[in-house]
Amino acid sequence: MIRIVDYGMGNLGSILNLCRYLDLPAGLCRTPEEIARAERLILPGVGSFDSATRKLAELGLDQAIRQAHFSGKIPLLGICLGMQLLCDSSEEGLTTGLGLIRGRALRIVPPAEGVERLLVPHMGWNTVTQRPESRLLANLPQDPRFYFVHSYHVVCDDPADRAATVQYGS
């Protein structure tokens, strides 16, 4: 079963509804023990990076997520702020992230000139270019389109850690 980490800062209803729509068994998890028993984990998030890191630590979920990830047995997907939390840090905050992705979440900065005006947050459909060896996107058609609503993007220390990229200014 897919477990959605409930630490009080996520778009839980939307993710549960999507799982129901896709006929995927899913439920919330709120304790380290529930995280350890998950088959798959989704770390959602809406809000501030620092508040989220503190909330995960207060509930003991930060260590449980790290243990689940490093066990190699539980796939983990971060959505929105949840993706930022997987990184070492975020330009949005001062606290340390979970450190599961070596890199930082940086604010999208529209270019000063040379292209059409880009809005932040980035909202809309964009084509994603996946890396051929990406297991995450392996069953999708070539150049799939995804809907984005975000103001930050992840910059991996090692480009080989990227599953996919999208062009939005840079």
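Structure: see above.
Residues numbered from 1 in each chain as written. Predicted model: local features only at pLDDT ≥ 70, side-chain atom pairs only at ≥ 80, totals over all residues. Heavy atoms only, no water.

A. Structural context of the sheet that holds strand 10 (residues 164–166). Pairing is antiparallel in the open sheet, where three strands are placed in the order 8-7-10. This sheet does not close on itself; its edge strands, each paired only once, are strand 8 (145–150) and strand 10. Across the sheet, the axes of successive neighbouring strands diverge by a mean angle of 45°, strand direction being ignored. (Pairing = 2+ DSSP bridges. Helix = DSSP H or I, 4+ residues; strand = E, 2+ residues; numbered from the N terminus. Axes fitted to C-alpha atoms, helices over the stretch in contact; angles between N-to-C directions.)

B. Just the nonpolar core, in detail. With 24 residues, the main nonpolar core has Val-5, Tyr-7, Ile-35, Leu-43 and Leu-85 as its most contacted residues. Of all the secondary structure elements, the ones that give two or more residues to this core are strand 3 (40–43), helix 3 (49–58), helix 4 (61–71) and helix 5 (81–86). The biggest single contributor to this core is helix 4, with four residues. The residues touching Tyr-7, leaving out its near neighbours within four places in the chain, are Leu-43, Pro-44, Gly-45, Ala-52, Lys-55, Leu-56, Leu-59, Leu-61, Leu-81 and Leu-85. (Core = buried A, V, L, I, M, F, W, Y, C linked by side-chain atoms within 4.5 Å. Buried < 20%, exposed > 50% of the residue type's maximum accessible area, 1.4 Å probe, protein only. Contact = heavy atoms within 4.5 Å.)

C. Structural view of the sheet that holds strand 2 (residues 26–29). Read from one edge of the open sheet, four strands run 2-1-3-4, paired in parallel fashion. In the strand order of this sheet, the two ends are held by strand 2 and strand 4 (76–78), each with one partner. Geometrically, the sheet is characterised by an average inter-axis angle of 25° between neighbouring strands, direction not taken into account. Sheet topology places strand 1 (residues 2–5) next to strand 2; four bridges connect them, and they run parallel. Bridge pairing in strand 2 links Arg-3 to Gly-27.

D. Representation of the side chain of Gln-130 in the model. Assignment of secondary structure puts Gln-130 in strand 7 (residues 122–130). Of note is the side chain of Gln-130, whose polar atom sits 3.4 Å from the backbone oxygen of Pro-141. When neighbours within four sequence positions are excluded, Gln-130 is seen to be in contact with Leu-137, Leu-140, Pro-141, Gln-142, Asp-143, Pro-144, Ala-163 and Ala-164. (Polar contact = N/O pair within 3.5 Å; in protein donor to acceptor, adjacent residues only side chain to side chain.)

E. Just the pairing of strand 2, in detail. Burial along strand 2 is one-sided: Gly-27 and Cys-29 are buried, while Ala-26 and Leu-28, pointing the other way, are not. For the crossover that starts at strand 1, traverses helix 1 (residues 12–21) and ends in the parallel strand 2, the hand is right-handed. (Right-handed = clockwise from strand over helix to strand, strands pointing away.)

F. Geometry of the environment of Ala-105. Counting through the fold element by element, Ala-105 comes out in strand 6 (residues 101–107). As for Ala-105 and Thr-127, which are separated by 22 residues in sequence, their C-alpha atoms are 20 Å apart. Aside from chain neighbours lying at most four places away, what touches Ala-105 is Gln-84, Cys-87, Ser-89, Ser-90, Glu-91, Tyr-152, His-153 and Val-154.

G. Highlighting helix 1. Looking at helix 1, one finds that the buried residues are Leu-12, Ile-15, Leu-16 and Cys-19. One side of helix 1 carries all its buried residues, which in axial view fall inside an arc of 100°. Looking at helix 1, the residues exposed on the side facing more than 90 degrees away from the buried face are Ser-14 and Tyr-21. Where the residues of helix 1 are buried, they touch strand 1, strand 2 and strand 3. Directly beyond the C-terminal end of helix 1, a positive phi value near 60° is found at Asp-23. (Arc of directions from axis to C-beta.)

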